[in-house]
There are 4 protein chains.
Amino acid sequence: MMVTRTGIVARYAETDQMGVIHHAVYPVWFEAARTEFVKQAVQLSYSQLEAMGVMTPLAELTCRYLSPARYEDGLTVETRVTALTPARIEFGYVVRRETDGAELCRGTTLHGWVDTKTFRPINMKKRHPELLSRMMKCMEE
Amino acid sequence: MMVTRTGIVARYAETDQMGVIHHAVYPVWFEAARTEFVKQAVQLSYSQLEAMGVMTPLAELTCRYLSPARYEDGLTVETRVTALTPARIEFGYVVRRETDGAELCRGTTLHGWVDTKTFRPINMKKRHPELLSRMMKCMEE
Amino acid sequence: MMVTRTGIVARYAETDQMGVIHHAVYPVWFEAARTEFVKQAVQLSYSQLEAMGVMTPLAELTCRYLSPARYEDGLTVETRVTALTPARIEFGYVVRRETDGAELCRGTTLHGWVDTKTFRPINMKKRHPELLSRMMKCMEE
Amino acid sequence: MMVTRTGIVARYAETDQMGVIHHAVYPVWFEAARTEFVKQAVQLSYSQLEAMGVMTPLAELTCRYLSPARYEDGLTVETRVTALTPARIEFGYVVRRETDGAELCRGTTLHGWVDTKTFRPINMKKRHPELLSRMMKCMEE
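Note that this is a predicted model, so its numbers are computed, not measured.

Superposing chain C onto chain B takes a rotation of 180 degrees combined with a translation of 0.0 Å along the rotation axis, leaving an RMSD of 0.0 Å. Accordingly, the operation relating the two chain copies is best matched by a two-fold axis. Ranked by how close their C-alpha atoms come to the rotation axis, the residues of chain C are headed by I8(C), at 5.1 Å.

In structure tokens form, the structure reads like this:
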């Protein structure tokens, strides 16, 4: 199974008055990590995917916050594909603190495969079977 | 059951290059709506709660995205308490477009009751029973 | 001279670990206030302007921070046009705390009039003289 | 003169519906770059500075936007100290696109040296002369 590891440094602007990273920042980190995953998995940038007429807007998001991240923390986001059909793709994420490997947050994002122009669902098996099969391979052992 | 309705106008900075509001913005709107809910429910601002030694950091977040919001859309966030114990509180949210009432996003946030100084869980039944019972009343018919 | 007043409530997500609103939030408030100004001044939403082929990306931004805003503060952003040519428009902003009228931040944004498709400068005197003259009127006593 | 170079990858969440990076993101990048500069200049993290009782809230911000950054662009923020007194410090920034070195944005931030507890100005020559002189050295040829 393919897992990518994306390095993130927590920014001051991302803290809140509780003195920790605000919870709405984690989905932004997931997205930065997903960008890297997709690039490695299919050798295409997300911008190139969009140019091919494919977008992947979010259908669902979940986050579990286990321990707070703090300003200047070095973090790693582990990303993998956890479910895949011709209509949808789900990614799973674990955010770890680099110094001790502690899990700070776990999350998932579920996306539809959507046409860039019409915003309507597409069947990837028909539209881009090669992309779908490359993504499928990311889930294999 | 108490339900508050908070008006939001979608900001340009909240859009992304897909031409819609970015998905990480909804938890920020939930929070603005929760601020109003708590103020109405217990007649205290969240800042006053913090001054009383109580914080409610997130333990879990879920969002389901049903239809995109767009720049300048007038929106309403409906907020209610969906679960409550002396250790935890869960809120539920529905984001609607004002023009037609369409549901754009549904979400939940689960929070622990935590001590401001120690960041450790507190038992609200012992620490602030009056606050807990006022919150309980928000769930009654 | 036309001045609009836009109400803002400071959000928790907008605070930082200094316990105040993060400085990068003010340009976002300026933009929300500018949206209202333009709507009142020319009876068009910014989305309608974009549909007419006109965009106004930023060329310059300045902010002077006088006193911090805090979570849940009720604020007013005063907006006016401070300079206008067929090629450029500058807005000025004052952010005030509602309770005492104290000035918290002053800022300016300078924008080019730009074609939506080509991203190239346009001469508003030729392209949309009626819009330009309506904007001009906002600067008169 | 000491100049640091901080790598940034533009995030999808940072784009807006114009298809470019939103202008309010640049001050956040400046801050991430400033964090690295300070760490290199005085061998202290900003968190350690705060623990020593020193904060540097913004007094002024300026940005000039020369050319838009886009999603997935690899960028470099060049940072230097442009002015320094016992009461204030100013940083200058240039954001460049890595592929061709093009300047996308230039900015400055002016900060007061402030006491963490009282939020009042401090005289660094009296309070932390060694820090001040290390910062001074960053401006020398």
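On to the interface of chain C and chain B. At the interface, 17 residues of chain C touch 17 residues of chain B. A combined buried area of about 1500 Å² lies between chain C and chain B, and 44% of that area is made up of carbon and sulfur atoms. Considering only the side of chain C, the residues that lose the most area to chain B are R11(C), Y12(C) and E72(C), jointly responsible for 41% of the buried surface there. Remark: the boundary between chain C and chain B carries four salt bridges. Its salt-bridge partner being E14(B), residue R11(C) comes within 3.0 Å of it at the nearest N-O pair. Counting across the interface, chain C meets chain B through 14 residue pairs in polar contact (both at pLDDT 80 or more). For the side of chain C that touches chain B, the element with the highest residue contribution is helix 1 (residues 26-42) of chain C, accounting for six residues. Within the side of chain C that touches chain B, the residues separate by chemical class into eight nonpolar, three polar and six charged.

Time to look at the sheet that holds strand 4 (residues 74-84) of chain B. Read across the sheet, 10 strands follow the order 1(A)-4(A)-5(A)-6(A)-3(A)-3(B)-6(B)-5(B)-4(B)-1(B) without closing on themselves; strand pairing throughout is antiparallel. Of all the strands in the sheet, the pair left with one neighbour each is strand 1 (4-9) of chain A together with strand 1 (4-9) of chain B. Pairwise comparison of adjacent strand axes, ignoring direction, gives a mean angle of 20 degrees for this sheet. Pairing between strand 3 (residues 58-65) of chain A and strand 3 (residues 58-65) of chain B: five bridges, direction antiparallel. Residue R64(A) lies in a different strand from strand 3 of chain B, and its bridge partner there is E60(B).

About the cut-offs
- Residues numbered from 1 in each chain as written.
- Chains lettered and ligands numbered in written order.
- Predicted model: local features only at pLDDT ≥ 70, side-chain atom pairs only at ≥ 80, totals over all residues.
- Heavy atoms only, no water.
- Least-squares fit on C-alpha atoms with pLDDT ≥ 70 in both.
- Contact = heavy atoms within 4.5 Å.
- Buried area = accessible area lost by both parts, 1.4 Å probe.
- Salt bridge = Lys/Arg side-chain N within 4 Å of Asp/Glu carboxyl O.
- Polar contact = N/O pair within 3.5 Å; in protein donor to acceptor, adjacent residues only side chain to side chain.
- Helix = DSSP H or I, 4+ residues; strand = E, 2+ residues; numbered from the N terminus.
- Nonpolar A, V, L, I, M, F, W, Y, C, P; charged D, E, K, R; others polar.
- Pairing = 2+ DSSP bridges.
- Axes fitted to C-alpha atoms, helices over the stretch in contact; angles between N-to-C directions.

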